[in-house]
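# Inside the fold
The lines below spell out each chain.
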Amino acid sequence: LFWVVLSIEIRVSAKMVFGQLQQTEQLYGKHAAALYAQAADFNKTARFYYMKAQDAYYLANAQASYDDWRRARRQWDYFYRRK
């Protein structure tokens, strides 16, 4: 069932993209439509790498916060547990 739904979604999205491309060709011409398609592809790629970079930033920030917490805990243990 999943593969059927997925293939239907792919066909529907392909028809939508093809329909948008035809509409762009009618409005601006084939060369401009190709440039719009290329720009959309670049935008998709850029968004993927932006999200990947953002995830890396948040993971690094979380690790740094955890390291600060561990350092503070060790400092607290040092001062309050000595005899």
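Residues numbered from 1 in each chain as written. Predicted model: local features only at pLDDT ≥ 70, side-chain atom pairs only at ≥ 80, totals over all residues. Heavy atoms only, no water.

### Digging into the overall build of the protein
Of the regular secondary structure elements, the protein holds two helices and zero strands. When burial is assessed residue by residue, the protein has 4% of its 83 residues classed as buried. Of the roughly 8,000 Å² of accessible surface on the protein, 62% is carried by carbon and sulfur atoms. (Helix = DSSP H or I, 4+ residues; strand = E, 2+ residues; numbered from the N terminus. Buried < 20%, exposed > 50% of the residue type's maximum accessible area, 1.4 Å probe, protein only. Areas by Shrake-Rupley, 256 points an atom, 1.4 Å probe, with all protein chains shown as cover.)

### Observations concerning the pattern of salt bridges
Using the criterion set out here, one finds one salt bridge in the structure. Here Arg70 makes a salt bridge to Asp67, at a shortest N to O gap of 3.9 Å. Taken as a pair, Arg70 and Asp67 lie in helix α2 (residues 30-80) at a separation of three residues, close to a single helical turn. Judged by its relative accessible area of 30%, Arg70 falls in the partly exposed class. (Salt bridge = Lys/Arg side-chain N within 4 Å of Asp/Glu carboxyl O.)

### Here we look at the packing of aromatic side chains
Enumeration over the complete set of coordinates arrives at four aromatic pairs. Seen from their ring centres, Phe48 and Tyr49 are 5.1 Å apart, and the 75° between their planes marks the pair as edge-to-face. Judged by centre distance (5.8 Å) and plane angle (25°), the ring pair of Tyr66 and Trp69 falls under stacked. Of the two residues, Tyr66 and Trp69 both sit in helix α2, three residues apart, roughly one turn of that helix. (Phe/Tyr/Trp six-rings, centres within 6.5 Å; stacked < 30°, edge-to-face > 60°.)

### Quick word on a nonpolar patch on the surface
A grouping of Trp76, Tyr78, Phe79 and Tyr80 is seen on the molecular surface, where their side chains present a nonpolar patch of about 540 Å² in accessible area. Relative accessible area serves as the criterion here: at 48%, Trp76 is assigned to the partly exposed category. (Patch = residues over 30% accessible without salt bridge, like charges linked within 9 Å, V, L, I, M, F, W, Y side chains within 5 Å.)

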